[in-house]
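# Structural overview for review
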Amino acid sequence: MSDDLINSFMTGPDEKGRFGIFGGRFVSETLMPLILSLEEEYEKAKTDQSFWDEMNDLWTHYVGRPSPLYFASRLTEHLGGAKVYMKRDELNHTGAHKINNVLGQIILARRMGKTRIIAETGAGQHGVATATVCAKFGLKCVVYMGAHDVQRQAPNVFRMRLLGAEVVPVTSGRGTLKDAMNDALRDWVTNVRDTFYCIGTVAGPHPYPAMVRDFQSIIGKEAKEQMQRAEGRLPDTLVAAIGGGSNAMGLFYPFLDDTDVRIIGVEAGGKGVNEKMEHCASLTGGRPGVLHGNRTYLLQDDDGQILEGHSISAGLDYPGIGPEHSWLHDTGRAEYVAITDTEALEAFQLCCQTEGIIPALEPSHALAHVMKIAPDLPRDHIICMNMCGRGDKDIFTVARHLGFDMGVTA
Amino acid sequence: MTRIDRKFAALNAEGKKAFVAYVMAGDPDYDTSLEIVKGLPGAGVDIIEMGIPFTDPMADGPTIQLAGQRALEAGQTLQKTLDMAAEFRKGDDETPIVMMGYYNPIYNRGVDKFLVDAKAAGVDGLIVVDLPPEEDEELCIPAQKAGLNFIRLATPTTDDKRLPKVLQNTSGFVYYVSITGITGAAEAQAGDVGPEVARIKAKTDLPVIVGFGIKTPDNARDIAAVADGAVVGSAIVKQIEENRPVAEILAYVKGLADGAHSA
């Protein structure tokens, strides 16, 4: 499918939950009635003004939206090319974009009469956001987190526990985000009556990829308006990091039909995409398959077994990617590149030093790509990157990689 | 008529309930697994469910997850699982084989190629956990066309409104999942299962077999009594996990089969 055959990139998914061949509803029969009722409830909410009034009120007064669009002047000067703007979603309550989506899903859960919320988390940001909103509404919250991630994201584990959530370390598989998602699905299939599964990214069975995208699209909608005010025009290039791809989908979606805007998603290249799968770049190094309820690009071996990726960033450590990204990749509307652990660490430090912003390791990947392309672009070229999370949670990991002794083990 | 249809016709004629045993292909290794599978009919097993190992078995409890990991570590692949079925078929042309697993290994091989190979290997039916009726065009319909039964799971969450959709493209038998949950979890209760089986049988002429959470010969008897048969998986896989000699594993299976057949 080439660009000129598509009237709009914003009409998906179709009634079967497909973006082209990607997406769908690949779940067990036990879960099927649940996702159908979720779809029905979401379709109702989408056009219900009272739902959006509640969302907007919480986005404003609880999350602190709109998040600023910030011109990174010293970084721009340092790179010596394109103007770099940051969409500051790291300033949200809980420190990342994740809460945009969690609020939407929890309001839906309340409308559906569900009293117990489960979630999976990688870096812990989605877990913290879910625990936060559950505390606010007095809902029981259980978060599945890979045992390996529990170890490398200790501050977020403690945050979730302070917020009253039960954190379940997952030891199946290699103990990362993929395994946490498996165990969350196993919980859901066991506790179908009272439990709502709050998925943190634009993946999973339909309607999750579309629903999470819609909730996260507030990022791109705001950025579009803010850029108009700041520059009187749209940006030339959008850059965002991708694990499952929710912050990227949120920024990209409102710009999909502005085909002059170049869209770049940045995957976690780990130790390098050409080595033996020590990365998490599903689009760059994977092929289509079916996992966690949807068809999408996956890291897998010749037998169709799912591979464990590697990334310095727990939030990007996932062998799949949201199905809409797979479709945008195949149609050519968006480009996808990979950034290594080392490049992300360099960007992390540069951002601290030039802008006084400690970024999370996830957006550090996006920033690393900005560092690559900005110097060769003209000074009137505008890049908008999504600063989707703050880096406080990552300082232990970064310290270890930089050989700095924090005097604590985390 | 597939081997599955013939098997149920024969059991019916004898007035017997079916006993279905699940083992993970390649667990703990190819040779031992093949030896176990070859011994199952002699232990009273009417239908063999052969698990296709997958890294991410989202509907399975720890016992079957670990079995899949053992098999994969021992080098099992979808090709070797097909080889195992073909090897078994050389010595047994009657006992139906149902392959059970998840869609990705099949999708990865290519649906058309898989169906040709499965048919040639003597496989009779498929149970693919993550393909609900909404995704029938993926594999269910091509499988029926290729002459394989596509056996669907019905669950406690499948309400009357949804049941016809679940039954529509099902063949061979209907697999009723006795609990909401993963394999090897809570024990199935005949009192809960009976009315559900009756609800399904009111809508289909296919046999209804019950699985998930059946752990003992008595349990197998009680469940088989209210259905057309019972499936045991995790309890058998647990014996394999404990590295028991094949003869002991088969004796254990025979106990379960006798239980189901006494119903």
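In this report, we go over the structure that sits alongside the text.

Per the secondary structure count, chain B includes 12 helices and 9 strands. In terms of overall dimensions, chain B has a C-alpha envelope of 45 × 40 × 35 Å along the principal axes. Expressed as a percentage of the 263 residues in chain B, the buried residues total 62%. For chain B, long-range pairs separated by at least 24 residues make up 73% of all intrachain contacts whose partners lie at least 6 apart in sequence. Surface accessibility of chain B: about 9,200 Å² in total, with carbon and sulfur atoms responsible for 50%.

Strand pairing in a sheet takes place through backbone hydrogen bonds and is either antiparallel or parallel in direction. Residues and elements named next belong to chain A. Read from one edge of the open sheet, 6 strands run E3-E4-E14-E9-E10-E13, paired in mixed fashion. In the strand order of this sheet, the two ends are held by strand E3 (69-71) and strand E13 (335-340), each with one partner. Each strand of the sheet is rotated relative to its neighbour by a mean of 30°, with strand direction disregarded. Where strand E9 (residues 237-242) and strand E10 (residues 262-270) come together, 6 bridges link them in parallel fashion. Opposite Val239, over in E10, you have Ile264 as the bridge partner.

It is worth spelling out the pattern of salt bridges at this point. Opposite charge on two side chains makes pairing possible when the charged atoms of those side chains draw close. Within this structure, the stated rule accounts for 49 salt bridges over all chains. One salt bridge connects A:Arg262 with A:Glu335, and the closest N-O pair in it is separated by 2.8 Å. With a gap of 73 residues between them, A:Arg262 in strand E10 and A:Glu335 in strand E13 connect regions that are remote in the sequence. Given the relative accessible area of 34%, A:Arg262 is considered partly exposed. Judged by its relative accessible area of 31%, A:Glu335 falls in the partly exposed class. Residue B:Asp92 is joined to B:Arg89 by a salt bridge in which the shortest nitrogen-to-oxygen separation is 4.0 Å. As far as burial versus exposure is concerned, B:Asp92 and B:Arg89 are alike and both buried. Salt bridges linked by common partners bring B:Arg3, B:Arg89, B:Asp92, B:Asp93 and B:Asp124 together as one network.

What follows is about helix H4 (residues 98-111) of chain A. With 14 residues, H4(A) extends 21 Å between its outermost C-alpha atoms, agreeing within 8% with the 20 Å of an ideal straight helix rising 1.5 Å per residue. Remark: A:Gly113 follows H4(A) within two positions and exhibits a positive phi of approximately 75°.

One turn of an α-helix holds 3.6 residues; hence residues three or four places apart share an orientation. All names here are of chain B. Given a rise of 1.5 Å per residue, 12 residues ought to cover 16 Å, and the 16 Å separating the end C-alpha atoms of helix H9 (residues 190-201) matches this to within 8%. Taken as a whole, H9 has its buried residues at Val193, Gly194, Glu196, Val197, Arg199 and Ile200. Considering only its buried residues, H9 is in contact with strand E6 (153-154), helix H8 (163-168), strand E7 (174-177), strand E8 (208-211) and helix H10 (217-225).

To continue, consider the sheet that holds strand E7 (residues 166-170) of chain A. Residue and element names in this part refer to chain A. A sheet is described by the order of its strands in space; here 4 strands give the open sequence E7-E6-E5-E8, paired in parallel fashion. Lying at the two open borders of the sheet, with one neighbouring strand each, are E7 and strand E8 (195-197). Taken pair by pair, the neighbouring strands of this sheet meet at an average axis angle of 25°, ignoring direction. Sheet topology places strand E5 (residues 116-121) next to E8; 3 bridges connect them, and they run parallel. Paired with Ile118 across the bridge in E8 is Tyr197.

Every contact between the two is made by 38 residues of chain B and, on the other side, 39 residues of chain A. Here chain B meets chain A over a buried area of about 3,000 Å², counting both sides, of which 48% is carbon and sulfur. The tally of links from chain B across to chain A stands at 6 salt bridges. Two residues, B:Arg162 and A:Glu29, come together in a salt bridge whose shortest N-O distance is 2.8 Å. Between chain B and chain A we count 22 residue pairs in polar contact (both at pLDDT 80 or more) in total. Elements supplying a minimum of two residues to the side of chain B that touches chain A: helix H3 (62-73), helix H5 (103-109) and E6 of chain B. The leading source of residues in the side of chain B that touches chain A is H5(B), at 5 residues.

The rules behind these values
- Residues numbered from 1 in each chain as written.
- Chains lettered and ligands numbered in written order.
- Predicted model: local features only at pLDDT ≥ 70, side-chain atom pairs only at ≥ 80, totals over all residues.
- Heavy atoms only, no water.
- Helix = DSSP H or I, 4+ residues; strand = E, 2+ residues; numbered from the N terminus.
- Buried < 20%, exposed > 50% of the residue type's maximum accessible area, 1.4 Å probe, protein only.
- Contact = heavy atoms within 4.5 Å.
- Areas by Shrake-Rupley, 256 points an atom, 1.4 Å probe, with all protein chains shown as cover.
- Pairing = 2+ DSSP bridges.
- Axes fitted to C-alpha atoms, helices over the stretch in contact; angles between N-to-C directions.
- Salt bridge = Lys/Arg side-chain N within 4 Å of Asp/Glu carboxyl O.
- Expected span 1.5 Å × (residues − 1).
- Buried area = accessible area lost by both parts, 1.4 Å probe.
- Polar contact = N/O pair within 3.5 Å; in protein donor to acceptor, adjacent residues only side chain to side chain.

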